[in-house]
Amino acid sequence: MIRRMCAEHSGWGSPRIQAELTLLGYNVSQATVAKYMKRRAGPPSQTWKTFLKNHMAETAAIDFFVVPTVTFRLLYGFIVLRHERREIVHFAVTTNPTAAWTARQLTESFPWDEAPRYLLRDRDRIYGEEFTARVKAMDIEEVVTAPQSPWQNPYVERVIGSIRRECLDHVIVLGEEHLRCILRSYVDYYNEDRAHRSLD
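Criteria and thresholds
- Residues numbered from 1 in each chain as written.
- Predicted model: local features only at pLDDT ≥ 70, side-chain atom pairs only at ≥ 80, totals over all residues.
- Heavy atoms only, no water.
- Helix = DSSP H or I, 4+ residues; strand = E, 2+ residues; numbered from the N terminus.
- Buried < 20%, exposed > 50% of the residue type's maximum accessible area, 1.4 Å probe, protein only.
- pLDDT = per-residue confidence, 0-100.
- Pairing = 2+ DSSP bridges.
- Axes fitted to C-alpha atoms, helices over the stretch in contact; angles between N-to-C directions.
- Contact = heavy atoms within 4.5 Å.
- Salt bridge = Lys/Arg side-chain N within 4 Å of Asp/Glu carboxyl O.
- Expected span 1.5 Å × (residues − 1).
- Arc of directions from axis to C-beta.

Participant: For the overall build of the protein, give the residues involved together with the corresponding values.
Facilitator: Helix and strand counts for the protein come out as eight helices and five strands. For the protein, the succession of helices and strands along the chain, N to C, is α-α-α-α-β-β-β-α-β-α-β-α-α. With respect to the principal axes defined by its C-alpha atoms, the protein has extents near 80 × 35 × 35 Å. Looking at the protein residue by residue over its 200 residues, the buried ones come to 40%.

Now the structure itself:
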């Protein structure tokens, strides 16, 4: 009977089945029910990968990356990526990223009627209250990755890796305007000419 209830009601756990058996007059412990339950083949809810696939068309991701210049000054690159076609919709460069600056970049990335439903980001402290308020005003739901889990934001991390391997590892950046020019050229190549095997 335990196995039958488990098969007919896949969402029920051992406490619920034990309670139903008690109502039917069978006095068994929860441990006994758990012992004889059918084991689930997969996780009880959708996986992170499934979530990303299900919401691909309405998801965008953002992230920062650091680029040292010839004078060892640090510049911060900012990337906004649409998941559906792996399209870089916006990039920016700054020497001092703030929450206000990042919020402005998000507004420039998506006109009000083209904003995605979900925005994936990491737990960087740069995304402060002003950024969060702008995201809410644009009616976007933030999906924040777990701490130290770059694999949860794979597409934008991969784009940043491609930018480093295919572009920045081969040039010495002179300054902010030089990096902006390099990234503009690479983004044009990435969006229009580069082969994306995952998109065929």
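Participant: Go over the confidence of the model for the protein with me, naming the residues and quoting the values.
Facilitator: Chain-level pLDDT for the protein is 89 on average; 94% of the residues reach the 70-or-more range. Element-level mean pLDDT values for the protein span from 76 in helix α4 (residues 48-54) up to 96 in strand β2 (residues 74-82).

Participant: Before we move on, could you go through unusual backbone geometry and cite the residues and values that matter?
Facilitator: Backbone geometry follows two general trends: most residues other than glycine have a negative phi, and most peptide bonds adopt the trans configuration. Backbone geometry at F72 places phi at a positive 65 degrees, although glycine is not the residue there. Despite not being glycine, R86 shows a phi value in the positive range, around 50 degrees. Secondary-structure assignment places R86 in the loop between β2 and β3 (87-94).

Participant: Mind laying out the sheet that holds strand β1 (residues 59-68), listing which residues take part and the relevant values?
Facilitator: An order of β3-β2-β1-β4-β5 is seen for the five strands of this open sheet, with the pairing classed as mixed. Two strands bound the open sheet, and with one partner strand each, they are β3 and β5 (141-144). Strand-to-strand twist across the sheet, computed as the mean angle between neighbouring axes with direction ignored, equals 25 degrees. Both β1 and β2 contribute to a ladder of nine bridges, which runs antiparallel. If you follow F64 over to β2, its bridge partner there is F78. Packing of helix α5 (residues 99-109) onto the sheet brings it into contact with β1, β2, β3 and β4 (118-121), and relative to β3 it is tilted by some 150 degrees. The strands that helix α7 (residues 154-166) touches are β1, β2 and β3; relative to β1, the one it contacts most, it runs at about 35 degrees.

Participant: So what about the pattern of salt bridges? Which residues, and what values?
Facilitator: It is possible for side chains of opposite charge to pair when their charged atoms get near one another. This structure, assessed with the given rule, holds seven salt bridges. The residue R194 makes a salt bridge to E166 at a minimum N-O spacing of 2.8 Å. One end of the pair, R194, is in the segment after α8 (176-192); the other, E166, is in helix α7, and 28 residues separate them in sequence. With a relative accessible area of 35%, E166 lands in the partly exposed category. Close ionic contact of R180 with E176 constitutes a salt bridge, the shortest N to O distance being 2.8 Å. Remark: E176 and R180 occur in helix α8; sequence separation between them is four residues, near one turn of the helix.

Participant: Give a detailed account of α8, specifying residues and quantitative values.
Facilitator: In this model α8 runs 24 Å from its N-terminal to its C-terminal C-alpha over 17 residues, within 8% of the 24 Å that 1.5 Å per residue would give. Taken as a whole, α8 has its buried residues at L179, I182, L183, Y186, V187 and Y190. Around the axis of α8, the buried residues are gathered within 135 degrees of arc, so they sit on the same side. Among the exposed residues of α8, those oriented more than 90 degrees off its buried face are E177 and E192. Taken together, the buried residues of α8 touch β1, β2, β3 and α7.

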